[in-house]
Amino acid sequence: MTIASSTQLICFAVLSAALLLGSLGVVLLPNIVYSAFLLGGVFLSMAGLYLMLNASFVAAAQVLVYVGAVNVLILFAIMLVNKKETLAAIPGLPLRRVLSGLVCGGLGVLLLRVAFITPWPLPGPTPVGEEATIRIGEHLFSDYLLPFELASVLLLMAMIGAIVLARRDVFASDVITGEPVDQGLLEKTRTPLLSEIPALESTP
Amino acid sequence: MVTLPVATLPPAGLDLQASFLDVIQGLGLSDGLAHLLWLPLPMVLVLVAAVVGVLVNVWLERKISAAVQQRIGPEYAGALGVLQPLADGMKLVFKEDVIPVRADGLLFTLGPVLVLVPVILSWLVVPFGQNLLISNVGLGIFLWISLSSIQPIGLLMSGYASNNKYSLLGGLRAAAQSISYEIPLALAVLAVVMMSNSLSTVDIVNQQAGAGILSWNIWRQPVGFVIFWICALAECERLPFDLPEAEEELVAGYQTEYSGMKFALFYLGSYINLVLSALLVSVLYLGGWGFPLPVEWLAGWLGQSVDAPLVQLVTASVGVVMTVMKAYLLVFFAILLRWTVPRVRIDQLLDLGWKFLLPIALVNLLVTAALKLAFPAFFGG
């Protein structure tokens, strides 16, 4: 076994272990902040696996999009609303846990079965290496043009929805609850603090 | 490896790796072992260069700020106070490392590491000459963009783990700022990449090599240069964009609770990032290791062949000196900016990023594409 192949094996083992343990932690940890940080670790190890498959552009894009944007925004949202409050007990929680565990386990068994009975062509296609960026660009603008554009329309819709939800003050009634919005609260005129202080001239 | 188009193939230049491998194999060691011996050398060299760069940077910051405020600045530690940064560093190393009782110890320790590691990793793609970089990966500049997006996670982590409202606010500000300025930054880089048809930093420099100072990207991308510089300053959290650690509002932002070596990691990270940004501005817009006059012309006038060993050595040294000089010129401007302009407010910062820089960067990209189609000879057809 050469140095390169043994290094590769060790890297694969470490990355897979990090990926599996990390994703278990994301699901099982009670602290939501830990889950969010571990999710970043999971995305990073996935990028490492892409790197080992010689897909360096995909790996960098994974880091940029999932770690740099998605995970940061998730953390951002958690930290902005992270109130320490005890949530009301959900009825039948153990049963729900068992059910969702069964569904996930079934899905896992199904995926494992697919992974084992599919005749994978080994060794896989030769990696294109540094040319991958050019190939991806060509595909995006020829045979994958429609999905690419549809994805951008989807993102635009999400963005407009977010703006509508965030700028509730422009509507007379709340979008979700239908209650009238107290716009006076938002546009309360500023009263200068100092003008209410009793006149200083009275002091000798 | 990246293959260059034949028409613009530059002289091979100094290849230290090949020479080193030749020497080691000449001693009778195997090929694999020679590679193994070579691997750590450039990494250690770049790490040392980065740290020395920070020391120089800290000294410059102290001296220039003193000059701006008509003081003398550090004077007793070494000649002109050059040993002052070293004294600062030693002080930080020996300080007690305090973890607040109510803080989250694990995340508190991990935060500074996550801030520093991506910055150091990004030095992978900084070229000091044709073959003088750790790895000419095809991703090049894209690797830097994606690595620098990891940093806000470290900032959020340390802000959260400190269990302090100022820290949390600082961390949140850092993340918001970093996300807003990443997009115009990437668009400005994209315009340059479009002109050089490659993401590789070496190719980007080679594309600017034709006619010395006249062929540098700054003349073809003046708007992109300004956008990139503003965004780079914002990503480094330098004044006028140092909101995450604004002393007057947030004590010290996400670093409030940190001391000793953990604080030193933040400090090191921010200065390494500044040097890195300056180096990348010089690579993207100021011709990288290129001399204002092409060295091939100079060698031709002196009647020397560019492939002669001595000429190659001189060319490589001039290249390193030019890269560092350009970078430190930019660092000088960054320091001068820090000590002359006031801080922007958070709403002004986000307005500038989203409502001004982003549209301008988009227009810049479109105009570059149009010019590339119209004048392929000047804009890299």
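Every value quoted in this text rests on a predicted model; they were computed, and no experiment measured them. Per chain, the residues get numbers from 1 upward, laid out in the order the sequence is written. Going through the entries in the order they are written, you letter the chains from A and number the ligands from 1. Totals for whole chains, interfaces and linings use every residue, but because this is a predicted model, local features are given only for residues with pLDDT of at least 70 and side-chain atom pairs only at 80 or more, for both listing and counting. Note: side-chain values were computed over all heavy atoms of the structure, leaving out hydrogens and water.

(A) Up close: the overall build of chain A. When you go through chain A residue by residue, the secondary structure sums to seven helices and zero strands. Each helix and strand of chain A, ordered N terminal to C terminal, gives the series α-α-α-α-α-α-α. Contacts in chain A between residues at least 24 apart in sequence constitute 41% of all its contacts with a sequence separation of at least 6. Helix numbers and strand numbers start at the N terminus; a helix is a DSSP run of H or I with at least 4 residues, a strand a run of E with at least 2. In what follows, a contact means two residues having at least one pair of non-hydrogen atoms within 4.5 Å.

(B) Highlighting the interface of chain B and chain A. Between chain B and chain A, the residue contacts involve 23 residues of the former and 24 residues of the latter. When two components associate, each loses some accessible surface as probed by a 1.4 Å sphere; the sum of these losses over both components is called the buried area. Between chain B and chain A, a total of about 2100 Å² is buried, with carbon and sulfur atoms accounting for 82% of that surface. For this document, the term salt bridge refers to a Lys or Arg side-chain nitrogen within 4 Å of an Asp or Glu carboxyl oxygen. The interface formed by chain B and chain A contains zero salt bridges. In the analysis that follows, any N or O atom pair within 3.5 Å is treated as a polar contact, provided that within protein one partner can donate a hydrogen and the other can accept it, and provided that, for residues neighboring in sequence, both atoms belong to side chains. For the pair chain B and chain A, the interface holds one residue pair in polar contact (both at pLDDT 80 or more). Residue assignment for the side of chain B that touches chain A shows that the elements contributing at least two residues are helix H6 (141-148), helix H7 (151-161) and helix H8 (165-196) of chain B. In terms of residues, the side of chain B that touches chain A owes the most to one element, H8 of chain B, which gives six residues.

(C) Summary view of the pattern of salt bridges. Residues and elements named next belong to chain B. This structure, assessed with the given rule, holds seven salt bridges over all chains. A salt bridge links Arg343 to Asp242; the shortest N-O distance between them is 2.7 Å. Of this pair, Arg343 sits in the loop between helix H15 (309-338) and helix H16 (346-374) while Asp242 sits in the loop between helix H11 (222-235) and helix H12 (247-250); the two residues are 101 residues apart in sequence, bridging distant segments of the chain. Accessibility here uses a 1.4 Å probe with only protein chains present; expressed as a share of the type maximum, an area under 20% marks a residue as buried, one over 50% as exposed, and anything in between as partly exposed. We classify Arg343 as partly exposed; its relative accessible area is 21%. We classify Asp242 as buried; its relative accessible area is 7%. Across the salt bridge formed by Asp351 and Lys355, the nearest N and O atoms sit 3.4 Å from each other. Of this pair, Asp351 and Lys355 both sit in helix H16, four residues apart, which is roughly one turn of that helix. Because the salt bridges share partners, they merge into one network encompassing Glu61, Arg238 and Arg338.

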